[in-house]
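Spelled out, the chains give:
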Amino acid sequence: MLFAGSDGSGKCRIGRQLAPRGKTDIELNMFFWVLAALLTLAAALAVMRPFLRGLTTDVAGREHDLSVYRDQLAELDQEVRRGLVAETEAAEARAEIGRRILRLSQSVDESAEGSVKPGTRLARAVAIAAVLAVPAISWGIYSLIGSPGLPAMPLQARLNEDPAQAPVEDLVARAEAYLADHPEDVRGWQTLAPVYMRLGRYSDAVAAYQRAIDLAGANPEYEAGLGEAMVARSGGIVTAGAEAAFNRALALDEKNARARFFIALARAQEGNGGAARAIWEEMASGLPEQSPWKAAAARAIAGLAQDSAQASASESAPSQDQLAAAQEMTPEARQEMIEGMVASLDAKLRESPADPEGWGRLLRSYVVLGRRDDALGALDRGLSALGPDSPDGKALSELAGTLGLTDTQVNK
Amino acid sequence: MSVELGHFALVLALALALVQALVPLLGARLGSAPLMRMGEPVAITGFALIAFAFAALVLAYVQSDFSVLNVWENSHSAKPLLFKITGTWGNHEGSMLLWVLILAFFGALVAAFGQNLPPTLRANVLAIQGLIASAFLLFILFTSNPFIRLERAPIEGRDLNPILQDIGLAIHPPLLYLGYVGFSISFSFAVAALIDGRLDAAWARWVRPWTLVAWAFLTGGIAMGSYWAYYELGWGGFWFWDPVENASLMPWLAGTALLHSAIVMEKRSALKIWTVLLAILTFSLSLLGTFLVRSGVLTSVHSFATDPTRGVFILAILVFFIGGALALFAVRGASLAPGGLFHPISREGALVFNNLMLTTAAATVLIGTLYPLLIEAISEDKISVGAPFFNLTFVPLFLPLLLAVPFGPLLAWKRGDLPGALQRLQFAFWAAGAAAIASYFLIDRANAAAALGIGLGLWLVFGALTDLAFKSGIGKVGPALALRRLSGLPLSMFGTCFAHAGLGLTVLGIVSVTALQAEKILTMQPGQSTEISGYTLRFVDLRPFTGPNYTEDRAEFALGTTRGASLGELVSSKRLYTARGMPTTEAGIRTMGLSQLYVSIGDRTPAGLVVRIWWKPFVTLIWAGALVMMGGGFISLMDRRLRVGAPARRKAALAADGGGTR
């Protein structure tokens, strides 16, 4: 009955879905406290036991020694009978054991053995303290470290949980479990790949895109995604393998924005800023206004102008891309993913604020999310952390200017 | 809910352990019988509560309840059921819980079967047990709690370290802990006697069975650990002088010494102080072993600092118990009455020699294990003390001990007859010598060390048998009478014989593997064959295979003799456990008689698959010998004489005994 774990938590799940902290939860909780109380009672009874029943009188200590010596004498006799010990040696041994017995009865007279007497007043007080200590210590410590209300969550109960409430990691684990059984499902891999990107599991993203391509054949989106995952995996550098993937994507669809963006980035990283700028400019002009790639290209060009092409471009692109990828998800999951990412970045910067790139990314994220107040707050914190007059601080102010947060730049 | 109830039961067990630690001690001071007896029901109830907590944790593992942090960190829902259960103690928190479970189990045994102990001794022993349990329960609850919960249970767990996903985890740690923790009883008896200031013949009788139990389990635990490392790590070695292994060897050496000195104390009232000291040292070494393995000190002194609470807590426990016991020993030890005198050439003398050698060997291992840690702590240098150090120090210490083992049981108490013993051992000596010479000429006429080693192993086996033969009078009396005498011998004599003969078997195995094994490393293409020690091995193919939570490349080999007879198939594989992305090797082992053919595969290269093949003659004797030793321990334990009869039961027991021998 105690171990009805999966059953009990199944109830919890329903309870949680219909009404948070439903009736079953409370019932289960009551049941737990009743059982805990019963255990405590049993423990207290164990402490009281010597007082509850009549005592058998113990044998005095010297009786035990005497019995050992008697056993030794008997063993000696047996060994003599077997011929293992000569009679003269046995006599000597017997004499020695006899001497020990003699010494024993002498020493016993000195130490009064019968001093064990039941229940003085002090003893009773100790006993009462001991009995009271059991519930006091156990309930005291348990209330500090226990989590009595938390229901068990065995595998089945977890799988039955409402997916809408689960964090992204769980959804991914679910998808992985599904794909382990259905490895031929292209749509599964195609959905999972961008999610891996967002979670920072770039190697898994590479594998997932590769798998999708293997199953469904060449496809510009998959190839471009594969290339991007490879770039992310190598820390923002467009490797030869990644460039090959982008070229394959362009061969199938010469207008693929993602592939073109990264081909340009490859040029920039090779030091060929002119070629990079040409591609980005051509690309920006051909894209509709709301495309995230248009903004990315514009920023990359701006970054190129500041002669820090690699850093800013590679920083900005994936985050833009992550947002784009998020559009393929369910609304709840997307919201949670974005909020989670930004919140974790914010928290990270509160802990270690000496990170100029991080502040830049945080500003951009808040602007993109339309949370202008948060962006201004982040700018304030970033400037005070980096120092408004330091080169990093100035770069941040400049970025704030390009993002349209100029007013605060003046104030601070 | 069962998890939380288990957590609560564990906290409750702590409360009971504190009561058990304090009240009986107070009772002994106040002279109150009920207070002194309180330890017994409390110890038994405490064991029941810890067992409940442990069962709750096992259940959480079986159900893959990842709302428990510990389960999530060390389990995976795709793991086979057996490894879900054994995974419970395949991690720090769970293994500490197993440790206290066994501690409480031994405490409960003393409470249940210690009715014949003098009341103050019983009260003190249970109090010391309660003190140890309190310390470890506090440690578990506040630094290594396996019942910490997660608000949101993740869908999938992080899986257990693949090396631990093996049947070995089901056997090795429980046996080892039964050994380690079993010595806590000897320790409690020693400290209780020091508190009482009384140490007598009866004390030695009570301590011996507990020491014997712990020793037998520890022997088995070490042997199983060695065999596990042998087949799982894929290096083909059976002992690596690894600090973790040394940590289990030290209490074994000290425990073996304790076992023997307790005999002297019981029979001759001599070596009392020494026995008490050994009892304290043995458990101290067990604690030290737990500390070294559990605190992370061994991987590096610096990793110790990454989790300071845990390490400092264990260190405090160590200082408290070892320091406290030794301080008590210093104060009270001198007041214990010294025992009987004996001649150097006597059973006592032989046992003293045994004790000297064993404790020196234990000290050597201790130095070899701690010295690198000390150097690293002081100078940041990392040095490793490996097999060469131990071969140079441990082996020379152990050789004279092994040579002397057969003499011990043949010498008389008090004053022995060395020429007589030599005469009795003649047969064993010549038989072992003949075997050594024969093996010298049979093998290659070059390996004298191997021949001498084989002679030494057989000397131990024959010496042990000689003792039994002599005691039953074989050769002196008719075979019928000798047989009757043999069956009438006390079981403890058989125990001695088995333990000593088992030691000989282990020595035989170690010597033949170290000196005579053949090794071959090569790259193989499918279809290629190779020969080793009279066997041919043909590499058939490398095939992928998917297990429940791993994928593996299986290399299949066809095994045959060089004369062409087929011996079937041998599979060796490289596994990748997907959840952790960790590879393991699964060696292919074929046992033929007492010897084994051991195949382990390496990486694929353009030239083919890297294959390592060993022919290990008589390798199984190493562990079989240890099992025989363990068996000897249990046979000895069944001896009625070791189970001390209560004074009230004495007459009946004597009568039964007399009837049996007449």
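None of these values were measured; they are calculated from a predicted model. (Residues numbered from 1 in each chain as written. Chains lettered and ligands numbered in written order. Predicted model: local features only at pLDDT ≥ 70, side-chain atom pairs only at ≥ 80, totals over all residues.)

Undergrad: Explanation requested: the overall build of chain A in the structure shown.
TA: In terms of helices and strands, chain A carries 20 helices and 0 strands. When burial is assessed residue by residue, chain A has 32% of its 412 residues classed as buried. By sequence separation, contacts in chain A at least 24 residues apart represent 54% of the contacts at least 6 residues apart. (Helix = DSSP H or I, 4+ residues; strand = E, 2+ residues; numbered from the N terminus. Buried ≥ 20, exposed ≤ 12 C-beta atoms within 10 Å, placed from the backbone. Contact = placed C-beta atoms within 7 Å.)

Undergrad: When you look at the overall build of chain B in this model, what are you seeing that I'm missing?
TA: The helix and strand inventory of chain B stands at 23 helices and 9 strands. Across its three principal axes, chain B shows a C-alpha extent of roughly 80 × 75 × 55 Å. In chain B, which comprises 662 residues, the share counted as buried stands at 55%. In chain B, the share of contacts with a sequence separation of at least 24, taken over all contacts with a separation of at least 6, comes to 75%.

Undergrad: Would you take a moment to explain the sheet that holds strand β2 (residues 529–532) of chain B for this structure?
TA: The strands making up a sheet associate through backbone hydrogen bonding, with each pair oriented either parallel or antiparallel. Residue and element names in this part refer to chain B. Across the sheet, which stays open at both edges, the 5 strands sit in the order β2-β3-β4-β5-β6 with antiparallel pairing between neighbours. Each of the sheet's edge strands pairs with one partner strand only, and the pair in question is β2 and β6 (582–586). When the angles between neighbouring strand axes are averaged without regard to direction, this sheet yields 25 degrees. (Pairing = 2+ DSSP bridges. Axes fitted to C-alpha atoms, helices over the stretch in contact; angles between N-to-C directions.)

Undergrad: Help me understand helix α5 (residues 121–145) of chain A, please; the structure alone is not making it clear to me.
TA: Since the α-helix turns once every 3.6 residues, residues separated by three or four places project in the same direction. All names here are of chain A. The end-to-end C-alpha distance of α5 is 36 Å, a good match for the 36 Å that 25 residues give at a rise of 1.5 Å each. Of all bends in α5, the biggest is about 30 degrees, found at A133, and the proline P135 comes one to four residues later. Every buried residue belonging to α5 is among A123, V126, A127, A130, V134, S138 and Y142, and all of these are buried. (Expected span 1.5 Å × (residues − 1). Bend = angle between axes of the 7 residues up to and from the residue.)

Undergrad: What exactly am I supposed to notice about helix α7 (residues 119–143) of chain B here?
TA: Between its terminal C-alpha atoms α7(B) stretches 36 Å, which fits the 36 Å expected from 25 residues at 1.5 Å a residue. Burial runs high along α7(B): 22 of the 25 residues are buried.

Undergrad: Hey, could you run me through the UniProt feature "repeat: TPR" (unreviewed entry) in chain A in this one?
TA: In this structure's numbering, the residues bearing the UniProt feature "repeat: TPR" (unreviewed entry) are residues 186–219 of chain A. Across residues 186–219 of chain A, the secondary structure splits into 85% helix and 0% strand, with the terminal C-alpha atoms separated by 12 Å. (UniProt positions renumbered as here; feature names shortened; annotations may be inferred.)

Undergrad: Just checking my understanding: could you explain the sheet that holds strand β1 (residues 518–524) of chain B for this structure?
TA: Residues and elements named next belong to chain B. Judged by pairing direction, the sheet is antiparallel, and its 4 strands sit side by side in the order β1-β9-β8-β7 without closing on themselves. Only two strands of the sheet have a single partner each, and these edge strands are β1 and β7 (588–592). Shown here is a sheet whose adjacent strand axes are inclined to one another by a mean of 15 degrees, direction ignored.

Undergrad: I tried to follow the domain arrangement of chain B on my own but got confused; where do I start?
TA: Many descriptions give the size of an interface as the accessible area lost when the pieces come together. Annotation of chain B at the domain level lists domain 1 (1–165), domain 2 (167–404), domain 3 (408–516) and domain 4 (518–616). The distance between the C-alpha centroids of domain 3 of chain B and domain 4 of chain B comes to 39 Å. (Domains from an automatic or database assignment.)

Undergrad: Looking at this model, I keep getting lost on unusual backbone geometry. Mind explaining?
TA: All names here are of chain B. Here the phi dihedral of S64 falls at roughly 50 degrees; this positive angle occurs in a residue that is not glycine. As for its placement among the helices and strands, S64 is situated in the loop between α3 (39–62) and α4 (69–74). Look at S64 and you get buried, because 23 C-beta atoms sit within 10 Å.

Undergrad: Would you mind going over the nonpolar core with me for this structure?
TA: Generally speaking, a soluble globular protein has its nonpolar side chains buried in company with each other. With 202 residues, the main nonpolar core has A13(B), A53(B), V100(B) and F136(B) as its most contacted residues. By residue number, the principal contributor to this core is helix α1 (residues 2–30) of chain B, which donates 20 residues. L171(A), A193(A), V231(A) and A242(A) belong to the second-largest nonpolar core, a separate cluster that totals 44 residues. (Core = buried A, V, L, I, M, F, W, Y, C linked by C-beta atoms within 7 Å.)

Undergrad: So what exactly am I meant to see when it comes to the packing of helix α11 (residues 240–252) of chain A against helix α12 (residues 257–269) of chain A here?
TA: Residue and element names in this part refer to chain A. Between α11 and α12, the shortest axis-to-axis distance is 9 Å and the interhelical angle comes to 140 degrees. The angle between α11 and α12 falls in the class oblique. Taken as a pair, α11 and α12 cross one another with a handedness that is left-handed. Note on element contacts: α12 touches α11 through A259, R260, F262, I263 and A266, opposite E243, F246, A249 and L250. Residues of the contact of α11 with α12, tallied by class, amount to 7 nonpolar, no polar and 2 charged. (Parallel < 35°, antiparallel > 145°, perpendicular 65-115°, else oblique. Left-handed = near helix turned anticlockwise from the far one by under 90°. Nonpolar A, V, L, I, M, F, W, Y, C, P; charged D, E, K, R; others polar.)

Undergrad: Quick question: what am I supposed to make of the UniProt feature "domain: Cytochrome c-type biogenesis protein H TPR" (unreviewed entry) in chain A here?
TA: What UniProt calls "domain: Cytochrome c-type biogenesis protein H TPR" (unreviewed entry) maps, in this numbering, to residues 178–292 of chain A. Secondary structure across residues 178–292 of chain A comprises 77% helix and 0% strand; the distance between its end C-alpha atoms is 32 Å.

Undergrad: Got a minute to help me understand the packing of helix α10 (residues 243–268) of chain B against helix α11 (residues 272–294) of chain B in this structure?
TA: Any two packed helices are characterised by the angle at which their axes cross and by the distance between the axes. Residue and element names in this part refer to chain B. Put simply, α10 and α11 touch, their axes get as near as 9 Å, and they point 165 degrees apart. When the interaxial angle is binned, α10 and α11 end up roughly antiparallel. For the pair α10 and α11, the sense of crossing is left-handed. When the residues that make up the contact of α10 with α11 are grouped by side-chain class, the tally is 17 nonpolar, 7 polar and 1 charged.

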